[in-house]
Structures are given as structure tokens and as C-alpha cells.
Number of protein chains: 2
Amino acid sequence: MDKAEKALKIQPRIPGGFLELLPGDQIAFNWMFNQIKTVFERFGFLPIETPAAELKEVLLAKGGGETDKQVYRLAAKTGETDMCLHFDLTVPLARYVAQHRNELLFPFRRYQMQKVWRGEGPQKGRYREFYQCDIDVIGAVNMLTDAEIPSVIYEVFKKLRVPKFTIRLSNRKFLNGVLETFQVAQYSNEILHIIDKVSKTGIEVAREDLLQFGLEGGKSDTLLSLISFQGNLEEFLAISKDWQSIDGLAKDGILELEMVYNGMREFGVPAEYTKIDLGVARGLDYYTGTVYETTLDDYSQIGSVCSGGRYDDLCGYYTDQNLPGVGISIGLSRLFYQLKAANLLTEQPKATARVLIIRADESATNCCMQVAAKIRGEGANCEVYLEEAKVSKQFSYASRHGIPFVIVIGETELQAGTVTLKDMVWKTQEEMPIEKAVALVTWEQRHRN
Amino acid sequence: MDKAEKALKIQPRIPGGFLELLPGDQIAFNWMFNQIKTVFERFGFLPIETPAAELKEVLLAKGGGETDKQVYRLAAKTGETDMCLHFDLTVPLARYVAQHRNELLFPFRRYQMQKVWRGEGPQKGRYREFYQCDIDVIGAVNMLTDAEIPSVIYEVFKKLRVPKFTIRLSNRKFLNGVLETFQVAQYSNEILHIIDKVSKTGIEVAREDLLQFGLEGGKSDTLLSLISFQGNLEEFLAISKDWQSIDGLAKDGILELEMVYNGMREFGVPAEYTKIDLGVARGLDYYTGTVYETTLDDYSQIGSVCSGGRYDDLCGYYTDQNLPGVGISIGLSRLFYQLKAANLLTEQPKATARVLIIRADESATNCCMQVAAKIRGEGANCEVYLEEAKVSKQFSYASRHGIPFVIVIGETELQAGTVTLKDMVWKTQEEMPIEKAVALVTWEQRHRN
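Residues numbered from 1 in each chain as written. Chains lettered and ligands numbered in written order. Predicted model: local features only at pLDDT ≥ 70, side-chain atom pairs only at ≥ 80, totals over all residues. Heavy atoms only, no water.

Visitor: Is there a simple way to explain the overall build of chain A in this structure?
Guide: Helix and strand counts for chain A come out as 19 helices and 17 strands. In terms of its C-alpha atoms, chain A occupies a principal-axis envelope of roughly 90 × 60 × 50 Å. Here chain A holds 449 residues, and the buried ones make up 58% of them. Once local pairs closer than 6 in sequence are excluded, the contacts in chain A between residues at least 24 apart make up 68%. In the form shown here, chain A has an accessible surface area of approximately 18,700 Å², with 48% of it arising from carbon and sulfur atoms. Computed over 52 positive and 60 negative side-chain charges, the separation of the two mean positions in chain A equals 5 Å. (Helix = DSSP H or I, 4+ residues; strand = E, 2+ residues; numbered from the N terminus. Buried < 20%, exposed > 50% of the residue type's maximum accessible area, 1.4 Å probe, protein only. Contact = heavy atoms within 4.5 Å. Areas by Shrake-Rupley, 256 points an atom, 1.4 Å probe, with all protein chains shown as cover. Lys, Arg positive; Asp, Glu negative; His and termini not counted. Charge placed at Lys NZ, Arg CZ, Asp CG, Glu CD.)

Have a look at this one:
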């Protein structure tokens, strides 16, 4: 092949802002995915999956703003279609519930773990394609559901074996109620927006910004001191004393926070994993009560790894039926890459196979296949090296893949009706009857959860 | 809300040609997905996942034709981007292997189960979004791999519990060799195209079409009789006798077919699940040796549920490195809908929860949560009905979801430290100690594979 022909090759690469893993990392990613899925199912959440594309008018019902700019439209050869890729799983959920509401049972507990797409500029930490893992309980009004959701979060992150984390709890009603008593409730979205950014902007900028919405002096001080509050229920009740005696939104918020905080204990979330953090405001106008964020205690740079809250009306754009609910979302791709960067990924095997069968002689081919079939029948993963290659090359394949066991079958073993089993970790090997080797290499995988 | 406001609601619906399932069916779909994945891993295939979007120049490297017309382009608000959604998993695999070839070990055994998109007209049975489940072994030259692939197919469809199926085997070399001896090898793509369509067009149209490529009279008869051949190896060797003595492509093809057919026996595929079917031509220019199709014996209208074959050069558009391989693809979405339509889906539970805990009295709330935590800790899925509702309504929720067990805890049980366990299938119920109920409802799920 001459230079001209070589130049015709297209450089194999993926678009910026998209992610791709080598198989070993993909195994670790899939392990996380499955752990999350398992916990969601433990709590009886039902799986749904929605198309990657929604109709433009459905997806952009809310209209305008950042969303419209970020959405990928689908175009055919003949021009743009009426479809867009979904940018989250909440809008598709709202559409799904509205569309199928007569076929669903409420409260509807659904989980959904899919890719979403956003036309972000491909800067550091901004992905154009990533997995979200969402749960929502639609049609739930009881505060017990607000308390159950954190127990799902707790079980998920325990199962993912991430370092110590804290579930941060707040309530939109409380802060909105405080704004009511300050008579600035009409600016609550703008004010909560300022609050939501305070960790980035700093308190002085926030104080400045609050002025234009009529919050100054003592009011501004009170608000800024409230939103910097982090503590347990007792401490929260102490600092919120002023509002507990006045009927109104603030009092409702306090009562809800109390119910959710105490409920979390009953649901098994230890107190040391829980904080009331009034700085958690979560989004602008979507959430109406409880809000959550989850952070890793020693890795504040990672930010919230799981966020959500309670909303009053999921499907308002599509149906008159009022459907309140509560839900959370885990940004799995981001979490994976951040745990990887911080060297916090739970170690996983780099191969799916637990054992590689090495044909030390061509006459052993059939025997190798039969032993492999036995191992698979016992529920373990097994690969036979099928190419013709020196035994040393086959061993090196097993070792570089991190396959923990190797079974060698050659002429000697074939005549004796045995195999040689080598433990690649401990570097020990032993000739033994086939059945014994099968039992040894399958035991662990069959009993793994 | 008045009429004008109601009219503002957007009708919740999905784009034509896209698919969406209710949760019960989604559970059945996910079960199939997981069964396939489990078998792929049993054989040591490694997972990879590629972005939904590829660069246009990468995806359309092969250029033009049907593909170009079917590809969805991604557009941002500012206009078309340089990205397209992938329309299969083979082109992304080729790009992946070429891009990462220095980090992969060969033979590279990968599985990949993802959605693909095609801008089809949304007619019956044509989907714009569907799952493909692919395995490929890249860098494999030994015919044993061609024999192993059908054993993966066999285990997959056994595990999916579909009705009796047949893996149909052919070899492009044999037919190409026959065309060589007929001195029409230069038209082999066109001729194989005619052959591939013969089941749709009928034999007379094919005979007519073959004329233009210099095949007439005896040659045409021989070819059409060959491609209608279906039988076992012995029968194939009998009808292919003429070509066994002449060195050339046809003889090579016969030898390969023989090796693969016999290898399949060693890999545990029963003879009654295997047929040599020379009518299987599979695609036009991609496959170069072994080709496979799989059909359900009593449901010929469903067509091939799993197809693939051997190719010489996977990554030719992206690298000079020659990478032969062999692989197959299962069109899972299509398979699911066709099994569903034919009432052949393996019955699955309609809920993820195995047990619903009913709070018969508010005082039992904490106890309910604790029992739920115990059941989940034992590895079973459990839901607590958290809304306030009459016991009868809670029972109806369990029964309509098909949750097999209900645990009721009310005042009586609370005082006695017991629960009432009801088997929703057998309609029997019994008051018993908590531990016994936990053991009973968790037993089956913990031991299920």
C-alpha cells in the first residue's frame, strides 16, 4: 500500500464531549450500573425506558431558555425532522405518565437509567452524552415517601462502596415562608437562584445581589445566616424557633423537614449520613417542598452526586390531572469519571471470564470444549483460547486480561482424565480430576451476589 | 380551568417508528436483555459501549447508498453538526478496534448491546430505534471460532426459552467457488444478491435475473438447486461431490463448512438444531466465509432472529492493520415484539417487588419499615405502601401489580410481634413470627438465577 492509499484512511476517533471506555473500565462502569439498578428494584421501583427522541413540541413544551439551546435536533438527509434527543429523563417521564396514565397504577414508582444528550460546549467535566439514573414516585403525597427516597440513596451509595457521604436535606417551603414574612415572596425564584449560587459567588456578592430584591440589613443577614446553616434536626429547630409559632409556609416547611428527618431514621439512614442544609435550593421553580443533595464528605470538589426533591405537578404541560411526586437523579457518567479520577472506583475484575482454558495440544480441543460447557453450566464464565498459539502466549493472554484461573489440558492430562488448574493470583498449580477443577473455579461466581 | 387553557395542553405521544413499553412488558424485555448478556459473559465476551453519535466522516466512510439516506444527523440550534447517530454496532466496532488497537488484546472478544437508529419510513415492523445485541471475535482466524459462535446462539435462545429453532449455516466461499467454476465470479455480488432475495421473489424471477449475468440452462439449474439445499453435513457432502475434487474456493468452502459443522457438535449444539442451508447468503460484500441465520421452526414469518458471519477485514476504512473476525447480531427489539405478537414471550412477573407490606394501622409504620429493611437485606425486593389508604385498596394495588406476597401489619400483629403473610396466588394467609415471614418471601428470589 503506497502513501496515497494510506492517506485515504479515516482517522478513527469519537466526537468531542462523548465518552468511551476500554473493556476493563466498562466492566467497572457496568458494575456500578447494576448495583444501582439492584437497589432500585429492592425498593420495588418499576423499570421504564423511553425513546431517545421525543417530538420537539413535547420536549420543548416548557419553552425557551437554556434547554432549547442545548437540545440536539434530529435531521434526515432531506432536512430537520420534528424530533429531538431528550436532555434529561424528567420531561420524558412527565410525557410517559400523562400518555399512559390510564394504564398505570398510582403511586407509580418508576426507575429509569438511560443516556441523555446535551449540546454543551465540550469543556472539562461537561459531557454531551451521559447516563442518568432516576427514581420517582408519582402520585405520592405522604411525607413518608420523602423519607424513603433518602434511604434508597443511602443503600445505593453503600452498595457502590463510595467513601463516607452526607445526604443534605432542605425544604423549599421553609425558605419561601421566610421570604413571605419578609414580604419579598414575589421574588422568591430570583432570590433562590442567588442562594443556589452562593457557594460559587461567595456571600458578599450574594448580599449585594439580594439588595435589588428588597432584602437589606437584618433581613439579608438573617437569610444569609439561614442558608449557611448545616446541622441536625435539634440544631435546626433551635435556629428556626421564630417561625415555628407563626402559621404559614415556613412553619409547614419546618414540620415537613421534621417528619422527613425522623422518617429517614426509621428507614435506616444513620444520623451521621444526614444533614439539614438550608443552602440546598435545587433548581428554580420545579421543586416545591423537600429537596436533597448528596456529597462525598472528603471530596467536596466532586459536588452533588445525587439530587432531587418534591414537586407538585409533574405533567402540567400534557394533562390537567394533578400529579405530585418526589424523585432523585444520579449522574452516573459524571460520578464514574470523578471516582476514577480520585482513584475511588471499587476494584473490579478486568475480564468477564473467571477461567481461561488453554489447549496445550490440538488433541485436547474437544475435551477443552466439554470442560468449558461444564463450567458454564455451573453458572461461571469461561473462555477457551481457540487460536493456535504457544502455551506461553495463552498464559500471557490470561494474565494480561486478569483472568484469575487457568485450566491447562494437554496430552498428559487427556490420558489421565485430569486437568491442570493454575491460580493466576497465587501462582500455584495442581493436576486434578476435571470435576474438582470445575467445582473450584465455579464456586465463587455462583455464590457472588 | 377553562376550555382555552385546556387547549394549550400538548398531546403526550412519541414519534412514529419509536417503541415504548408499559412497565410489565419492560420487565419482560429486560429479562431477555439480561439473559442474552449473561450468556455472552459465560463465554468470556467483554462489554463495550460506544457513543450514540459518531463523526459523519467515520460513520459514512463506506459512503453513499442506503446507509447515507437512513442516517440521522445531529443538528444544534445553529445548524447541522458533524455528528450522526449510529445505525448499527459494526461500524462503531470497526472504529473502536482501529482506535484502541494498541490497548486491546487479540483475539478481542466483545459484546455490545445498544440502541441503534435508522431513518426508516415508519411502516409495520420497521423501527427507527431498536436494540442490537452483537458479539464479535476480532483477530480470530481459527475455524473453531466459527464453530463456537453458533454454540453461543444456541445457549442464548435456549435461555430465552423460545420455541424450537434452527441455526442455518452456509459458506460464501463455496458459492463463490461454484460461480468461479461457472466463470461468472466477477458478478458474484450481484448473483448473491439475487440468491439472498429468492425466498421473497420466487425461483422463476431469480432464474430470469440470473440470465443477465451469464447463468443459463444447466448452470442456472445447478445454482438454483444448490441454493435451495437444506440438510445435514452428510447430505451436503453428497450434493457437493463435484467440487470436492477440484482445488479452489469451492473446495475450501466445503472443508470450512465441514469443520464448523463438526465443531458445533463438539461445542454442544445438537444436530437437530443445525442445518446447512445454502440459501443463506447474508449481506452482499461484507462476509467472506461462514454465514449464519437462525429461524424459529414453526414461525417462518418471523424470519431470521440472529444473523452474522465471518469477514476478512473489519477496520479497512480506518487502519492498514488487517483484522479478520466473526460475529453475529440479534435484533432484540424486533424479536421481542414478534415473540409478543405470537404470544411466545416467557412469562415474567409484572412487578419488581416480591412482597408488598401493608400498613393496616398508622402505628405499624415503623415496624413495616423495619420488616422491609430485613427483607431487602436478605436480597429480595420489597415495597411498603406508604400512602394512607384502606387495606382493601392496598391489597388491590398488590393484586393488580401481580406482587406474589403481601405482609400485613396492624395493631394485632404489632402487639403480638407477628405479621400476617398472604400468598396472593394461592389466596392463603397465616399469622406468623416476623422472621419466618422474611425467610419465606425471600427464599425464592435469593435462589433464583
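Visitor: Explain the sheet that holds strand β6 (residues 129-138) of chain B to me, please; I cannot follow it from the model alone.
Guide: Pairing between the strands of a sheet is mediated by backbone hydrogen bonds and can be parallel or antiparallel. Residue and element names in this part refer to chain B. The nine strands are arranged β1-β5-β6-β12-β11-β10-β7-β9-β8 in an open sheet whose pairing can be described as mixed. With one partner strand each, in any of the chains shown, β1 (46-47) and β8 (230-231) form the two edges of the open sheet. Along the sheet, helix α14 (residues 249-266) makes contact with β7 (165-171), β9 (274-277) and β10 (290-296), crossing β7 at roughly 150°. (Pairing = 2+ DSSP bridges. Axes fitted to C-alpha atoms, helices over the stretch in contact; angles between N-to-C directions.)

Visitor: Can you walk me through the pairing of strand β3 (residues 73-76) of chain B in this structure?
Guide: Regular strands have side chains that alternate between both faces of the sheet. Burial along β3(B) is two-sided: the residues Arg73(B) and Ala75(B) and Leu74(B) and Ala76(B) are all buried. Pairing analysis gives three bridges linking strand β3 (residues 73-76) of chain A to β3(B), with the strands arranged antiparallel. Paired with Leu74(A) across the two strands is Leu74(B), which belongs to β3(B). One ladder, built from three bridges, connects β3(B) with strand β4 (residues 79-85) of chain B; its direction is antiparallel. Residue pairing across strands places Ala76(B) opposite Gly79(B), the latter belonging to β4(B). Taking the residues that link successive antiparallel strands as the turn, the β3(B)-β4(B) hairpin has two residues.

Visitor: Would you mind showing me how to read the packing of helix α2 (residues 23-42) of chain A against helix α6 (residues 143-159) of chain A here?
Guide: Packed helices, taken two at a time, are described by the angle their axes make and the gap between the axes. All names here are of chain A. It is the contact of α2 with α6, at a shortest axis distance of 9 Å, that shows an interaxial angle of 150°. Crossing of α2 over α6 shows right-handed handedness. Side by side, α2 and α6 meet where Trp31, Gln35, Ile36, Thr38, Val39 and Phe40 of the first sit next to Val152, Glu155, Val156 and Lys159 of the second. (Left-handed = near helix turned anticlockwise from the far one by under 90°.)

Visitor: Mind showing me how you'd approach the interface of chain B and chain A here?
Guide: How big an interface is tends to be expressed through the accessible area that disappears when the partners come together. Contact with chain B, which involves 108 residues of that partner, is made by 108 residues of chain A. Summing the contributions of chain B and of chain A, the shared interface buries around 9,200 Å²; its carbon and sulfur component is 57%. Across the chain B-chain A interface, the total number found is 12 salt bridges. In this structure, Glu20(A) engages Arg95(B) in a salt bridge whose closest nitrogen and oxygen atoms are separated by 2.8 Å. For the pair chain B and chain A, the number of links is 48 residue pairs in polar contact (both at pLDDT 80 or more). Residue contributions to the side of chain B that touches chain A peak at eight residues, all from helix α2 (residues 23-42) of chain B. When its residues are assigned to classes, the side of chain B that touches chain A shows 54 nonpolar, 23 polar and 31 charged. (Buried area = accessible area lost by both parts, 1.4 Å probe. Salt bridge = Lys/Arg side-chain N within 4 Å of Asp/Glu carboxyl O. Polar contact = N/O pair within 3.5 Å; in protein donor to acceptor, adjacent residues only side chain to side chain. Nonpolar A, V, L, I, M, F, W, Y, C, P; charged D, E, K, R; others polar.)

Visitor: Hey, could you run me through helix α17 (residues 391-401) of chain A in this one?
Guide: Residue pairs spaced three or four apart in an α-helix point in one direction, given the helix's 3.6 residues per turn. Residues and elements named next belong to chain A. Here α17 has its buried residues at Gln394, Phe395, Tyr397, Ala398 and His401. Buried residues of α17, viewed axially, fall in a sector of 155°; they line one side. Structural note: α17 exposes Ser392 and Arg400 on the side pointing more than 90 degrees away from its buried face. Of the residues one or two after α17, Gly402 is the one with positive phi, at around 70°. (Arc of directions from axis to C-beta.)

Visitor: Is there a simple way to explain the relation of the copies chain B and chain A in this structure?
Guide: The relation between the two copies of this chain is a rotation about an axis and a shift parallel to it. Its rotation angle being 180°, the transformation that places chain B on chain A also includes 0.0 Å of axial translation and leaves an RMSD of 0.0 Å. Look at the turn and shift together and you get a two-fold axis relating the two. Among all residues of chain B, the minimum C-alpha distance to the rotation axis is found for Leu74(B), at 2.6 Å. The overlap is high: 100% of the interface residues of chain B also sit at the interface in chain A, so the same surface is used on both sides. (Least-squares fit on C-alpha atoms with pLDDT ≥ 70 in both.)

Visitor: Just to check I follow, could you spell out the pattern of salt bridges for this structure?
Guide: Two side chains carrying opposite charge are able to pair once their charged atoms lie near each other. The full count for this structure, using the stated rule, is 46 salt bridges over all chains. When the shortest N-O distance is used, the salt bridge between Asp247(B) and Lys251(B) registers 2.8 Å. Accessibility expressed as a relative area gives 65% for Asp247(B), which makes it exposed. Connected via shared salt-bridge partners are Arg109(A), Glu148(A), Arg376(B) and Glu383(B).

Visitor: Explain the packing of aromatic side chains here, please?
Guide: Any two aromatic rings considered together are summarised by their centre-to-centre distance and by the angle between their planes. Residues and elements named next belong to chain A. A full pass over the atoms with the stated rule returns 39 aromatic pairs over all chains. Ring centres of Phe29 and Phe336 lie 5.4 Å apart, and the angle between their planes is 70°; this geometry places the pair in the edge-to-face category. Linking Phe29 in helix α2 with Phe336 in helix α15 (residues 332-341), this pair joins segments that are 307 residues apart in sequence. Take Phe29 and Phe336: they sit in the same class, and that class is buried. Both rings, one in Phe157 and one in Phe165, keep their centres 5.6 Å apart while their planes meet at 50°; by these two values the pair is tilted. Its relative accessible area of 0% is what places Phe157 among the buried residues. What links up through ring pairs into an aromatic cluster is the set Phe29, Phe33, Tyr127, Tyr131, Phe336 and Tyr337. (Phe/Tyr/Trp six-rings, centres within 6.5 Å; stacked < 30°, edge-to-face > 60°.)

Visitor: Would you explain the environment of Pro47(A) in this entry?
Guide: Note on placement: Pro47(A) falls in strand β1 (residues 46-47). Here the alpha-carbon distance between Pro47(A) and Arg110(A), two residues 63 residues apart in the chain, equals 5.7 Å. In this structure Pro47(A) touches Tyr111(A), Pro23(B), Gln26(B), Ile27(B), Asn30(B) and Thr352(B), once residues within four positions along its chain are discounted.

Visitor: Explanation requested: the sheet that holds strand β14 (residues 382-384) of chain A in the structure shown.
Guide: All names here are of chain A. The mixed open sheet is built from five strands, whose spatial order is β14-β13-β15-β16-β17. Bordering the open sheet on either side are β14 and β17 (428-433), each of which pairs with just one other strand. Here the average twist between neighbouring strands, direction ignored, is 25°. In this sheet, strand β16 (residues 418-423) lies alongside strand β15 (residues 405-409) in antiparallel orientation, the contact comprising four bridges.

Visitor: Help me understand the pairing of strand β4 (residues 79-85) of chain A in this model?
Guide: Pairing of strand β2 (residues 53-55) of chain A with β4(A), which is carried by three bridges, proceeds in the antiparallel orientation. Pairing of Leu55(A) across the sheet is with Met83(A), part of β4(A).

Visitor: Is there a simple way to explain the confidence of the model for chain A in this structure?
Guide: The predicted structure's coordinates, where accompanied by low pLDDT, should not be read in detail. Summary statistics for chain A give a mean pLDDT of 92 and a share of 96% for residues scoring 70 or more. With pTM at 0.95, the complex prediction returns an ipTM value of 0.94. (pLDDT = per-residue confidence, 0-100.)

Visitor: Is there a simple way to explain unusual backbone geometry in this structure?
Guide: Trans peptide bonds make up most of the peptide bonds, and negative phi angles are found at most residues other than glycine. Residue Pro107(A) is bonded to the preceding Phe106(A) through a cis peptide linkage, with omega at -5°. Summarising the element assignment, Pro107(A) is placed in the loop between α5 (90-100) and β5 (108-117). The backbone phi angle of Asn343(A) is positive, close to 60°, even though this residue is not glycine. Within the fold, Asn343(A) resides in the loop between α15 and β13 (355-359). We note that Lys427(B) has phi near 60°; this positive angle belongs to a residue other than glycine. Looking at where Lys427(B) falls in the secondary structure, it is placed in the loop between β16 (418-423) and β17 (428-433).

Visitor: I tried to follow the environment of Lys9(A) on my own but got confused; where do I start?
Guide: Within the secondary structure, Lys9(A) is located in the loop between α1 (3-7) and α2. A residue is classified by how much of its surface remains accessible, and Lys9(A), at 23% relative accessible area, is partly exposed. Polar contacts involving the side chain of Lys9(A) include one to the main-chain carbonyl oxygen of Gly316(B), which spans 2.5 Å.

Visitor: Got a minute to help me understand the side chain of Arg354(B) in this structure?
Guide: Within the secondary structure, Arg354(B) is located in the loop between α15 (332-341) and β13 (355-359). At 3.5 Å, the side chain of Arg354(B) and the backbone oxygen of Val441(B) are in polar contact.

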